[in-house]
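Residues per chain are reported as follows:
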Amino acid sequence: MTTRVRFAPSPTGYLHIGSARTALFNYLYAKNVGGKFLLRIEDTDLARSTDESTQSILQGLAWLGFAPDEEIIYQSNNADKHRAAALKLLEEGKAYRDFTPKEDIGDKNIKQAIADKARQNQGVKNMRDNEYRDLSKAESDAKAEAGEPFAIRLKVPETGKTVFEDAVYGLLERDYSETEDLVLLRSDASPLYNLSVVCDDIEMEITDVIRGQDHLTNTHKQILIYEALGEKPPKFAHLPLILAPGGKKLSKRIHGEIVSMTTYRDAGFLAAAFRNFLALLGWSAGEEQEIYTLEELIEKFSLDRIHQSNATFNFDANNPKRWTDDKAIWMNAEYIRTMNLQELLPFVKTELKSAKLWRDEYEDDDKIWFEKTVDLIRERFFNLKDFSTQGRAYFSEDFDFDQAAIDKNLKKFPDLQTWLPELAERFAPMEDFTHDAIHETVGKFVEEKGTKFGVIMNGARALLTGLAVGPSMLAVFETLGKEKSILRLKSQIAWNL
RNA sequence: GGUCGAUUCGUCUAGGGGUCUAGGACACCGCCCUUUCACGGCGGCGACACGGGUUCAAAUCCCGUAUCGACUACCA
């Protein structure tokens, strides 16, 4: 039997970082064993599901490169089948109609209300204690025919326990007494989550369910449904959760954009880098290597090397430099400066295009220059955005000057206001404007003026790039070329800032 | 409250009774390189939650405690 796994998000928001990691693990596992990776949109919560969310999730998955191997399943399309399954269980006496009026838990603080209720019921309420559980079929049918509203609940056996072997957590048990007679069908006849999941997983012939450990108790409930339905449950693997700093739940509401995949795409992350980072959150190959290609991840992935403890996604909302996890930022930078240049180029092109800095010559007459320049400046970049911000001076005459660079490297040495234009004059007659020749010219100039190499170079850097940091100035002169170097050395704009 | 799960440097992690004076990565700090630096090189700081067992030997096994998390819905 071929392995079939599924990623089953509910479209109530953008693709969450934890969901993305679940999708990644499902994907890696499927590919590792030569199985299929499927996608199911769990849009049964009509009130919260939106088409916009679905699109956002699909985009996020596409960005990460996880294409489903079969057509996408929309759970809401299967409601009839789920309903039929519940009715079948009712017919077989494995479920019963509950005529208890629907309870209205207040809309806010639902979690709290549920916990409070559970506390109150503690010790006084038996999970099997429902006056309609053992109603005779005739009575139940009569009430239903009379039009009394009812929900259908699963008849969980009085004694026993659910047991399953989790690929990550090992043998897990839960006594039936801890599990309520869960509702399968609402009084409006719409199916509930656990029923829908089980029915769809059966229909999709899912062999391995890999999901967050927040589903651990659901798994016990779902096994009960599998058993009632006379089906064999799939294998389960529960993943540790990704938490916010302080060990709190990482939530969309509290932590905002940081949990959304689109944020990373828009911030100039390479999907490959982020994927790599995600893979190492809760899993490791048990070796010191940390940078992996997708192929390597697929090859090395295994469920038994997934952790059992939750991971903290570290960031500091108040510090722009650490707006997201340090290691993710580092990994993206690592990818940018070490990946194959030809693979990086298309991303740089896209970035420059969106910043209106792109010129078609970069792929034609100026191809060699462009590649050399990208290769030069990527050394110190952290994300794709840097090519159009920090790197702007390499692609446009219209760039900003960093005030600190001006003050520290230019204005602090007033002589530079005449020296730099003078240096430009020395450049003018040069025929060979390359590294060594420039070095020689600047060297002589420095000697003449009785100053230091650094003073000239740092001042020139401020003028030519607007920044205090960057690659070797000799390389900058060379890549910018004689004309631009002269023009910018002579420019007085920065002196007036 | 109950059930279940987890607990190694600030963070991600290696570790599965002796090789652990606990290894790596990120971050941080210092030095070097250098015309600058966010590159690179070298080094430093820094952890087995606590208490009991078991054992010749425990980060590793067992039991308690603490802490954290999930779940506890006619949400998904």
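All figures in this text were calculated on a predicted structure; none of them were measured in a lab. (Residues numbered from 1 in each chain as written. Chains lettered and ligands numbered in written order. Predicted model: local features only at pLDDT ≥ 70, side-chain atom pairs only at ≥ 80, totals over all residues. Heavy atoms only, no water.)

1. Some details on the overall build of chain A
Then comes step 1: Broken down by element type, chain A carries 21 helices and 13 strands.
Then comes step 2: Computed over the C-alpha atoms, the radius of gyration of chain A is 31 Å, more than 25% above the 23 Å expected from 2.2 N^0.38 for a compact globule of 497 residues.
Then comes step 3: Dimensions along the principal axes, computed over C-alpha positions, put chain A at roughly 110 × 45 × 40 Å.
Then comes step 4: Out of the 497 residues in chain A, the part that is buried amounts to 47%.
Then comes step 5: For chain A, long-range pairs separated by at least 24 residues make up 75% of all intrachain contacts whose partners lie at least 6 apart in sequence.
Then comes step 6: Accessible surface, chain A: about 25,100 Å² in total, of which carbon and sulfur atoms supply 50%.
Then comes step 7: Averaging the locations of the 65 positively and 81 negatively charged side chains of chain A gives two centres separated by 3 Å. (Helix = DSSP H or I, 4+ residues; strand = E, 2+ residues; numbered from the N terminus. Rg over C-alpha atoms; globule rule 2.2 N^0.38 Å. Buried < 20%, exposed > 50% of the residue type's maximum accessible area, 1.4 Å probe, protein only. Contact = heavy atoms within 4.5 Å. Areas by Shrake-Rupley, 256 points an atom, 1.4 Å probe, with all protein chains shown as cover. Lys, Arg positive; Asp, Glu negative; His and termini not counted. Charge placed at Lys NZ, Arg CZ, Asp CG, Glu CD.)

2. A short note on the protein's contact with RNA strand B
Then comes step 1: By nearness alone, 73 residues border RNA strand B, and Arg186, Thr217, Gly282, Arg322 and Arg380 come closest of all.
Then comes step 2: Protein-proximal atoms of RNA strand B, defined as those within 4 Å of the protein, fall in sugar or phosphate at a share of 68%.
Then comes step 3: A distance of 2.8 Å separates a base oxygen of RNA strand B from a polar atom in the backbone of Ser187.
Then comes step 4: Between RNA strand B and Asn218 there is a distance of 3.0 Å, counted from a base nitrogen to a side-chain nitrogen or oxygen.
Then comes step 5: Broken down by element, the residue count for the surface near RNA strand B peaks at six residues, all from helix α4 (residues 110-121).
Then comes step 6: Considering only residue class, the surface near RNA strand B consists of 24 nonpolar, 23 polar and 26 charged. (Near = heavy atom within 4 Å. Polar contact = N/O pair within 3.5 Å; in protein donor to acceptor, adjacent residues only side chain to side chain. Nonpolar A, V, L, I, M, F, W, Y, C, P; charged D, E, K, R; others polar.)

3. Observations regarding the pairing of strand β10 (residues 235-239)
Consecutive side chains of a regular strand alternate in pointing toward one face of the sheet and then the other.
Then comes step 1: Of all five residues in β10, four are buried, a share of seventy percent or more.
Then comes step 2: Across five bridges, strand β9 (residues 208-212) lies against β10 in parallel orientation. By the bridge assignment, Asp208 is partnered in β10 with Lys235.
Then comes step 3: Crossover handedness for the path β9 to helix α7 (residues 216-229) to β10: right-handed. (Pairing = 2+ DSSP bridges. Right-handed = clockwise from strand over helix to strand, strands pointing away.)

4. Here we look at the side chain of Ser251
Then comes step 1: Along the chain, Ser251 turns up in the loop between β12 (248-249) and α8 (252-255).
Then comes step 2: Each residue touching Ser251, except ones within four places of it in the same chain, is listed here: Gly256 and Val259.

5. A few points about the packing of aromatic side chains
Then comes step 1: Taken as a whole, this structure holds 27 aromatic pairs when the rule is applied.
Then comes step 2: Here Tyr362 and Phe370 contribute two aromatic rings whose centre-to-centre distance is 4.8 Å and whose plane-to-plane angle is 10°, an arrangement assigned as stacked.
Then comes step 3: A residue is classified by how much of its surface remains accessible, and Phe370, at 3% relative accessible area, is buried.
Then comes step 4: Aromatic rings pair up to connect Tyr264, Phe269, Phe274, Phe277, Phe313, Phe315 and Trp323 into one cluster. (Phe/Tyr/Trp six-rings, centres within 6.5 Å; stacked < 30°, edge-to-face > 60°.)

6. Comments concerning helix α18 (residues 435-449)
For an α-helix, 3.6 residues make a turn, and residues three or four places apart therefore share a direction.
Then comes step 1: With 15 residues, α18 extends 21 Å from end C-alpha to end C-alpha; this agrees with the ideal 21 Å at 1.5 Å per step.
Then comes step 2: For α18, the complete set of buried residues consists of Ala437, Ile438, Thr441, Val442, Phe445 and Val446. Here the buried residues of α18 occupy an arc of 165° about the axis, which is enough to place them on one side. Exposed residues on α18 whose side chains face more than 90 degrees from its buried face are Asp436, Glu440, Lys444 and Glu447. (Expected span 1.5 Å × (residues − 1). Arc of directions from axis to C-beta.)

7. Some remarks on the sheet that holds β12
Then comes step 1: Overall, mixed pairing links the three strands, which are arranged β12-β11-β13 in an open sheet. In the strand order of this sheet, the two ends are held by β12 and β13 (311-312), each with one partner.
Then comes step 2: Relative to β13, strand β11 (residues 242-244) is paired through two bridges, and the arrangement is parallel. Considered in β13, the bridge of Leu243 is made with Thr312.

8. A closer look at the pattern of salt bridges
Then comes step 1: Scanning the model with the defined rule gives 40 salt bridges in all.
Then comes step 2: For the salt bridge of Asp181 with Arg133, the shortest nitrogen-to-oxygen distance reads 2.9 Å. One end of the pair, Asp181, is in the loop between β7 (170-175) and β8 (183-185); the other, Arg133, is in the loop between α4 and α5 (137-145), with 48 residues separating them in the sequence. Of the two residues examined, Asp181 and Arg133, each falls in the buried class.
Then comes step 3: The salt bridge partner of Lys137 is Asp141, with a shortest N-O separation of 3.0 Å. With Lys137 and Asp141 both in helix α5 and four residues apart, this pair spans about one turn of that helix. (Salt bridge = Lys/Arg side-chain N within 4 Å of Asp/Glu carboxyl O.)

9. What about the nonpolar core?
Then comes step 1: Core analysis: the biggest nonpolar cluster contains 105 residues, and Phe274, Phe313, Phe427 and Phe477 have the highest contact counts within it.
Then comes step 2: Considering every element that reaches this core, the biggest residue donor is helix α1 (residues 17-32), with nine residues.
Then comes step 3: Those residues within four positions of Phe427 in sequence are excluded, and the remaining contacts are Phe433, Ile438, Thr441, Val442, Phe477, Lys482, Ile486 and Leu489.
Then comes step 4: Residues Leu89, Leu182, Ile206 and Leu229 belong to the second largest nonpolar core, which totals 29 residues. (Core = buried A, V, L, I, M, F, W, Y, C linked by side-chain atoms within 4.5 Å.)

10. Side note on the environment of Ala47
Then comes step 1: Relative to the elements of secondary structure, Ala47 occurs in the loop between β2 (36-41) and α2 (51-64).
Then comes step 2: Sequence separation of Ala47 and Thr12 is 35 residues, and the distance between their C-alpha atoms is 9.2 Å.

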